[in-house]
Amino acid sequence: MSSYLNILGSNDKFRINNIYCIGKNYMEHIKEFGNDKVPESPVIFFKPNTAILQNNSIINIPEINRKKISEDVHYEMEMVVAIGKDCKNVNESEAIKYIFGYGIGIDLTLRDIQSDAKKSGLPWGTAKGFLNSAPVSDIVQKSYVSNPLNLDINLKINNTIKQFSNTSLMIINIYKLISYISTIFGLTKGDLIFTGTPEGVGRLKRGDELLASLSNLIDLKVRFNG
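Quantities reported herein were computed from a predicted structural model and do not represent experimental measurements.

Each value, and the rule that gives it
- Residues numbered from 1 in each chain as written.
- Predicted model: local features only at pLDDT ≥ 70, side-chain atom pairs only at ≥ 80, totals over all residues.
- Heavy atoms only, no water.
- Helix = DSSP H or I, 4+ residues; strand = E, 2+ residues; numbered from the N terminus.
- Contact = heavy atoms within 4.5 Å.
- Pairing = 2+ DSSP bridges.
- Axes fitted to C-alpha atoms, helices over the stretch in contact; angles between N-to-C directions.
- Buried < 20%, exposed > 50% of the residue type's maximum accessible area, 1.4 Å probe, protein only.

Asks: Any chance you could explain the environment of leucine 155 here in plain terms?
Replies: In this fold, leucine 155 is placed in strand 15 (residues 152-157). Residues contacting leucine 155, with those up to four places away along its chain left out, are Tyr75, Met77, Ile106, Thr160, Ile161, Lys162, Gln163, Leu210, Leu211 and Ala212.

Right, here's the structure in full:
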């Protein structure tokens, strides 16, 4: 459990502050859940920085009284934006100035707990924010990325492609997300933004090997221990 990430090509660390997560930001993902309504503004939820899991780690689900809290864990692969400077009320055209770099992450969801909470009209922080629920790659500094609005993202499980898309297909692009979040909440150095998952989400089983990639820039490799 670490609240920092390695920076590619550097001995420095990127220390994590807040983690903002965006829901319903790819149309095909919205459709796979039986919906076709596009959100008018970003759908935002949060994970604590204790949810961070570094590259080449093992995903373990928390236990209570020696029993895992869920047997229905789902993967959602996403591009991650790392914020490098504090900011408020940022214009979309200025947003790139506040980006430190990019990574690839997996938003893990306890689908059974989430479903029960939704049915009861209760918050579902446990389903999204548990320990190990945010595996993230090392961070690639923005100077190495010519166009973050056109990057392939993909996830292989046991060497089979499960998710594939491109950041150009986001409903709300990263600059608009930064502008919105900085206006509503403010952003601080060390914040991460999980920018939403494309179609192809599904359930994990014990022993699954996950390999997520952000174009040819960086990979994230983790194993699901259940």
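Moving on, there is more to tell.
Asks: Would you mind showing me how to read the sheet that holds strand 15 here?
Replies: Strand pairing in a sheet relies on backbone hydrogen bonds. The paired strands run either parallel or antiparallel. Across the sheet, which stays open at both edges, the five strands sit in the order 6-20-19-15-16 with mixed pairing between neighbours. Since the sheet does not close on itself, it has two edges, and those belong to strand 6 (57-59) and strand 16 (160-166), each with one partner. Averaged over neighbouring strand pairs, the angle between their axes works out to 20 degrees when direction is ignored.

Asks: Would you take a moment to explain the pairing of strand 11 (residues 99-106) for this structure?
Replies: Of all eight residues that make up strand 11, seven are buried, and the element is covered over most of its length. As paired elements, strand 10 (residues 77-83) and strand 11 share seven bridges and run antiparallel to each other. Its bridge partner being in strand 11, methionine 77 is matched across the sheet by isoleucine 106. Where strand 11 and strand 14 (residues 140-141) come together, two bridges link them in antiparallel fashion. Paired with glycine 101 across the two strands is glutamine 141, which belongs to strand 14.

None of the figures reported here should be taken as evidence of function without further support.
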